[in-house]
Amino acid sequence: MNYHMMNHVVNHLLDVDSYGPVFMYATNRDLTTAPRHIIRMAEPVDPELLREALKIALLRFPQMGLGLERGETQYRYRLLTAPPVVLPFDDISPYYIGSEDTNGYLFCCGYRENTIYLEYQHCTSDGRGFNEFIKCVLFYYLKLHGYAIVNDGSVRTLETDFPPAENEDGFAKLRRAPQSDANHVPDVPAFHLPEYDGMEDENELTTEITMPFSLVRRYLKQNEITPLTFLMTAICHALYRTYYQGTGRREAIVAEVPTDLRAYIDSPTVRFFVALLDLPFHYEYFSLPFADACRKLSAFFNTQRVLPHAAFWALKNAGRVTAGHQAEMPIDEKEQMMREQARAYIRRDSFILTNIGPFLLPIQMERHILDYGAILPCAHQPFGVLVSSYRDTLKI
């Protein structure tokens, strides 16, 4: 262990960030607390080698070696000493992250035939941050298999020391950025499906849509539109045909769009570091040609994702979460308060639409990894949409 890592472990590893604590108090019935990443390998998974790869990756990512404990007034992180586990898996997981099932770890690693499953508690990371950990695990798994894998610099391995900045609270840097509510738009009544309320304990149905990314890019370039607004417009037209036609519905369909703040603030952190921006598709957009509706959305979203507004909105929400986490009140009351706040916040929108970006690997690793994707749980919302890409495949 290098000096920087040792100092960080002693003094800062158990620090909470500004937004992650909301997921400590929420359950899988409230928020998308446990996204799942799915990696299909070229060969059957060896659980023993996978377990050894996890142990090595935790040396490089000590912030993933934490558990949670419930105090009298708040949740806090704790250091773990037990080894990580690799569990037999199925589509419906019987395991609870952070419990004895995972030896307390806030991630769950499973396998079935050729597939590796990795789920994580959102308080520790966001999708792009957790992908850094996954790439490290896969790198050492393939190395332990004896394959000639060369790191092109895109995988954070033991070849480089752990820098404390990878565990920093990005919102602390964001507070030094320009902030403005000038472009902020008040909430509008959003489309909901109340018939699904109270069904949070039901098993969730996953539908996977794949497209050749090269064809999508060609269409986007020809029409001068973005992937986000293309998908949003397509989803809204599907909702229109399913739920609006023949009814008196007129409310906007509003997506909550997690926007990666690393695009604005230079930070290698793997912690939760996104701005949750709103993207409304108004009823009148249905009468526009498809590409025109996309451009209409883009023009609006450009006003929301500029740094001053993104920083303003992200810090406002992070401030609410931090105040709740630090409030002096019994833990039972605080759990109730934080869960009610979480549900009220996501209820402003119709669904969540998140893009965790491309899953990029060294070329030698790609031949052993056939497919990658991720699932976003619905929780209190009727549905959620997660977008990822691997090689030339766009996956929704």
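Residues numbered from 1 in each chain as written. Predicted model: local features only at pLDDT ≥ 70, side-chain atom pairs only at ≥ 80, totals over all residues. Heavy atoms only, no water.

Undergrad: When you look at the sheet that holds strand S9 (residues 274–281) in this model, what are you seeing that I'm missing?
TA: By way of backbone hydrogen bonds, the strands of a sheet pair with one another, either parallel or antiparallel. On the basis of which strands lie adjacent, the open sheet formed by six strands has the order S7-S13-S12-S10-S8-S9 and mixed pairing. Looking at which strands have only one partner, the edges of the open sheet turn out to be strand S7 (210–212) and S9. Going from strand to strand, the sheet's axes swing by 25° on average, the running direction of each strand aside. As defined by bridge partners, strand S10 (residues 351–358) adjoins strand S12 (residues 384–390) across five bridges and the pair is classed as parallel. Paired with Leu 353 across the strands is Val 385, a residue of S12. (Pairing = 2+ DSSP bridges. Helix = DSSP H or I, 4+ residues; strand = E, 2+ residues; numbered from the N terminus. Axes fitted to C-alpha atoms, helices over the stretch in contact; angles between N-to-C directions.)

Undergrad: I keep staring at the environment of Arg 391 and nothing clicks. Help me out?
TA: Here Arg 391 lies in the loop between S12 and strand S13 (393–395). When the C-alpha atoms of Arg 391 and Glu 48 are compared, they prove to be 28 Å apart, with 343 residues separating the residues in sequence. What Arg 391 contacts, discounting residues up to four positions off in sequence, is Glu 366, Arg 367 and Ile 369. Polar contacts involving the side chain of Arg 391 include one to the main-chain carbonyl oxygen of Ile 369, which spans 3.1 Å. (Contact = heavy atoms within 4.5 Å. Polar contact = N/O pair within 3.5 Å; in protein donor to acceptor, adjacent residues only side chain to side chain.)

Undergrad: I keep staring at the side chain of Asn 131 and nothing clicks. Help me out?
TA: If you trace the backbone, Asn 131 turns up in helix H4 (residues 127–144). Judged by its relative accessible area of 5%, Asn 131 is buried. With residues up to four places along the chain from it excluded, the contact list for Asn 131 reads His 37, Ile 356, Phe 359 and Tyr 372. (Buried < 20%, exposed > 50% of the residue type's maximum accessible area, 1.4 Å probe, protein only.)

Undergrad: Would you explain the packing of helix H8 (residues 290–305) against helix H9 (residues 307–326) in this entry?
TA: Working note: a packed helix pair is described by the angle between its axes plus the distance between those axes. Put simply, H8 and H9 touch, their axes get as near as 5 Å, and they point 65° apart. What the angle tells us is that H8 and H9 run roughly perpendicular. Residues Thr 303, Gln 304 and Arg 305 of H8 pack against Leu 307, His 309 and Ala 310 of H9. For the contact of H8 with H9, the residue count by class is two nonpolar, three polar and one charged. (Parallel < 35°, antiparallel > 145°, perpendicular 65-115°, else oblique. Nonpolar A, V, L, I, M, F, W, Y, C, P; charged D, E, K, R; others polar.)

Undergrad: Hey, could you run me through unusual backbone geometry in this one?
TA: Unlike most non-glycine residues, Glu 224 shows phi in positive territory, near 55°. Within the secondary structure, Glu 224 sits in the loop between helix H6 (213–223) and helix H7 (227–244). Relative accessible area serves as the criterion here: at 68%, Glu 224 is assigned to the exposed category.

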